Amino acid sequence: MTISTEHDLADRAAPVEERTEGASDRRMALKAGAIALAGLMVPSLARAQGARRKVPGDNTPHPANPGGTMSPSAVDPTTEWVSPELRLVRRITMGMTDADATLARQVGYDAFLERHLNPQALDDSAVDQFVATNYPTTLQGVDTLFNLDSGTLQLQLSNAMIYRAAFSSRQLQERLVEFWTDHFNISFEKVGYLKVVDDREVIRRYAMTTFPQLLKASAHSVAMLAYLDQTASRNTSPNQNYAREIMELHTLGVNGGYTQNDVAELSRVLTGWTTAGRGNFTFAPGIHDNGAKTVLSVNIPASSGGPAAQAEGETVLNMLVSHPSTATFISTKMLKFFLRYDPSNAQVAAVANVYTSSQGDIKAMLRAILSRDNLMAAPAKFKRPYHLVVSAVRALGAQVANANNLYFSIINGGQQPFTWQTPDGFPDTTAYWAGNVLPRWNYASFISSTNSPASVNFNVATFMTSGSAAGVVSSIDRFLFGGEMTQRLRDELTTYVAVAPTNTARVRETVSLALSSSTFQYY
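Residues numbered from 1 in each chain as written. Predicted model: local features only at pLDDT ≥ 70, side-chain atom pairs only at ≥ 80, totals over all residues. Heavy atoms only, no water.

Q: Looking at this structure, how should I read the overall build of the protein chain?
A: When you go through the protein chain residue by residue, the secondary structure sums to 28 helices and six strands. When the 523 residues of the protein chain are sorted by exposure, 59% land in the buried category. Across the protein chain, every contact between residues at least 6 apart in sequence was considered, and the portion connecting residues at least 24 apart equals 73%. Accessible surface, the protein chain as shown: approximately 19,400 Å² in total, 52% of it carbon and sulfur. (Helix = DSSP H or I, 4+ residues; strand = E, 2+ residues; numbered from the N terminus. Buried < 20%, exposed > 50% of the residue type's maximum accessible area, 1.4 Å probe, protein only. Contact = heavy atoms within 4.5 Å. Areas by Shrake-Rupley, 256 points an atom, 1.4 Å probe, with all protein chains shown as cover.)

Q: Looking at this model, I keep getting lost on helix α21 (residues 385-396). Mind explaining?
A: Each α-helix turn comprises 3.6 residues. Residues three or four places apart therefore point the same way. With twelve residues, α21 should cover 16 Å at 1.5 Å per step; its first-to-last C-alpha distance of 17 Å lies within 8% of that length. Buried within α21 are the following residues: P385, Y386, H387, L388, V389, V390, S391, A392, V393, R394, A395 and L396. Immediately beyond the C-terminal end of α21, within one or two residues, lies G397, with a positive phi of roughly 65°. (Expected span 1.5 Å × (residues − 1).)

Q: Where do I start with the environment of T282 in this structure?
A: Mapped onto the elements, T282 comes out in strand β2 (residues 280-283). The spatial distance from the C-alpha of T282 to the C-alpha of H220 is 8.5 Å, given a sequence separation of 62 residues. Sequence-distant contacts of T282, defined by excluding residues within four places in its chain, comprise G272, W273, T274, T275 and A276.

Q: Got a minute to help me understand unusual backbone geometry in this structure?
A: Excluding glycine, most residues fall at negative phi; most peptide bonds, likewise, are trans. The backbone of L296 shows a phi angle near 55°, a positive value even though the residue is not glycine. Its place among the elements puts L296 in the loop between β3 (293-295) and β4 (298-300). Looking at L296, the relative accessible area reads 17%, which means it is buried. Backbone geometry at F418 places phi at a positive 65°, although glycine is not the residue there. Residue placement: F418 occurs in the loop between α22 (404-412) and α23 (430-433).

Q: What is the right way to look at the packing of aromatic side chains in this model?
A: Aromatic ring pairs are reported here in terms of the distance separating the ring centres and the angle at which the planes meet. Counted by the stated rule, this structure contains 23 aromatic pairs. When the ring of Y163 is compared with that of F167, the centres are 4.7 Å apart and the planes differ by 45°; the resulting orientation is tilted. Separated by four residues within a single helix, Y163 and F167 lie in helix α8 (residues 150-167), roughly one turn from each other. With 5.2 Å between their ring centres and 50° between their planes, F179 and F337 make a pair best called tilted. Taken together, the residues span a long stretch of sequence, with F179 in helix α9 (residues 171-183) and F337 in helix α17 (residues 324-338) at a distance of 158 residues. When sorted by exposure, F179 lands in the same class as F337, which is buried. An aromatic cluster is defined as three or more aromatic residues linked by ring pairs; in this entry it consists of F179, W180, F184, F211, F337, F338 and Y355. (Phe/Tyr/Trp six-rings, centres within 6.5 Å; stacked < 30°, edge-to-face > 60°.)

Q: Would you take a moment to explain the pattern of salt bridges for this structure?
A: Side-chain pairs of opposite charge can arise whenever the charged atoms involved come near each other. The full count for this structure, using the stated rule, is 21 salt bridges. As a salt-bridge pair, R175 and E178 come within 3.2 Å of each other at their nearest N and O atoms. You can see R175 and its partner E178 sitting in helix α9, three residues apart, about one turn around the helix. What makes R175 buried here is its relative accessible area of 0%. A salt bridge links E201 to R205, with the shortest nitrogen-to-oxygen separation between them at 2.7 Å. Within this pair, E201 and its partner R205 are both found in helix α11 (residues 194-206), separated by four residues, close to a single helical turn. Looking at E201, the relative accessible area reads 27%, which means it is partly exposed. (Salt bridge = Lys/Arg side-chain N within 4 Å of Asp/Glu carboxyl O.)

Q: Would you mind going over the side chain of R87 with me for this structure?
A: Position of R87 among the secondary structure elements: in helix α3 (residues 84-92). Not counting chain neighbours up to four residues away, the residues in contact with R87 comprise T78, W81, L375, M376, A377 and A378.

Q: Explain the packing of helix α18 (residues 345-358) against helix α19 (residues 362-369) here, please?
A: A pair of packed helices is captured by two measures, namely the crossing angle of their axes and the spacing between those axes. Where α18 contacts α19, the two axes come as close as 9 Å, and the packing angle between them is 155°. The pairing of α18 with α19 is recorded here as roughly antiparallel in orientation. The interaxial crossing formed by α18 with α19 has right-handed handedness. Taken together, the residues of α19 that come into contact with α18 (itself represented by V351, V354, Y355 and S358) are A364, M365, A368 and I369. (Axes fitted to C-alpha atoms, helices over the stretch in contact; angles between N-to-C directions. Parallel < 35°, antiparallel > 145°, perpendicular 65-115°, else oblique. Left-handed = near helix turned anticlockwise from the far one by under 90°.)

Q: So what exactly am I meant to see when it comes to the packing of α21 against α22 here?
A: Two elements in contact, α21 and α22, have axes whose closest approach is 8 Å; the angle formed by their N-to-C orientations is 145°. Helix-helix and strand crossings are classified by hand; for α21 and α22 the assignment is right-handed. Seen from α21, the contacting residues are P385, Y386, V389 and V393; seen from α22, they are L406, S409 and I410. Across the contact of α21 with α22, the residue classes tally to six nonpolar, one polar and no charged. (Nonpolar A, V, L, I, M, F, W, Y, C, P; charged D, E, K, R; others polar.)

Q: How should the nonpolar core be read in this particular structure?
A: Note that soluble globular proteins tend to have their nonpolar side chains buried in a common cluster. Ranked by size, the top nonpolar core spans 136 residues in total, and within it W180, I476 and L480 carry the most contacts. Ignoring sequence-local partners within four residues, the contact set of I476 consists of F463, F481, M485, L493, T510, V511 and A514. Grouped together as the second largest cluster of nonpolar side chains are nine residues, A380, W420, Y432 and Y522 included. (Core = buried A, V, L, I, M, F, W, Y, C linked by side-chain atoms within 4.5 Å.)

Q: Help me understand the pairing of β2 in this model?
A: Consecutive side chains of a regular strand alternate in pointing toward one face of the sheet and then the other. Inspection of the sheet shows strand β1 (residues 273-276) paired to β2 by four bridges, in the antiparallel sense. When the sheet's bridge partners are listed, A276 is paired in β2 with N280. Here β1 folds back onto β2 in antiparallel fashion, the turn holding three residues, of which G277 has a positive phi close to 65°. (Pairing = 2+ DSSP bridges.)

Q: How should the side chain of R204 be read in this particular structure?
A: By secondary structure assignment, the location of R204 is in helix α11. Here R204 falls in the buried class, since its relative accessible area comes to 18%. Apart from residues no more than four positions distant in its own chain, R204 is found in contact with M161, R164, E174, V177 and D199.

Such coordinate-based values are descriptive only and should not be taken to indicate function.
Structure (structure tokens):
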């Protein structure tokens, strides 16, 4: 892929009714957009580096991976991000707002982090009420959910997640929900209404507690057991899917020291872990393998059934959460998500020590990961489509009455919520997402030009109070970048909007170009 022609790029930014302006204006748009985006682009695009894992029995055709290469070093906005407080805001929220930036500067780095590590102290009642009113299925029990349309359930679950990410005061909690949703990935397309319950009772309930609590809740989740075929496992023919993934993806990691024999033995341990009715976990002693087993060199004696048989599984869960490989694997994955794609061995070891000493306390690990020194030395990370869409809503202060358009923008970016088919979750790498640039531009154009009170409403007047080009760009800098816009982007946006700084369409186009810039695409 190459950078678009001048008319293509200009038309991408312009509202439909403005696309009859002269070619000279369009060349200005090209200059602003192309230079701002040059750091995002490379001449050729590669396919995604990681192939999707295959779920046994899954013959669903998968969309093409939005592959590509995009190096943060091509344009590294962190050279301009000198404020530790604003770097923290970018990492622990779903997108910086002017209010966040102001508060972080006022209270300081440590106090702002602690504020978000204590989400129950933050009032989220307005968001809770909106979700309850507009997405009521997210709060309903299995008997009700069972009888509802699957498409409605999926849409409401996704839109509730998007709305909370955009407007919740508990932003770090929403970041953790995103992280753990991928870590304990379950495709809605396979389990349907059960994922609604899992999202509420597992991921959201335990996202900021401890990893042992979260893992054990997931292990008793009917959605997880159904997704990984544990419900089909019998003493006569143990199914190994869940046993394998709980070690490879949930705890120890692929190089965590287990063997194929451990997978087979754990699958025997877990026989009897199944479901009853429309969404209740149960242990069925009649299908449990009561023979002796050995998992990770620990002997599990034969049982006569009853509570001791179910306790075998609980014993192995305790072994897994206490294993040194789990401390390393979870610490590495959290460091990659919250800090940098390439954490050092020393950083991993330090966080793993916190995991061990705190018994997997998620908040304690985040304090270690998000130290001031760590964050100031970290390069920028690339926003995935979900993150990008929500961050633009937050930066612009857009009002959302209906999240459908945001949902479809995320789908267009290649990240439809709750639909990743395989248990490894959506990739979090620049290489995977960077090639799908056009949907990002299209979304920037949509969100900056939208004015629909029934859907999404962006008030452009926020950026036009001064009436001057410099004032418009300063407002963009304040609300989108916390005052840390790169000088190159400032110059190009100023040149573009100077033609008509009091023209609403022109200012909207300038906002669109700012959202399309490499600086906004990273965090």
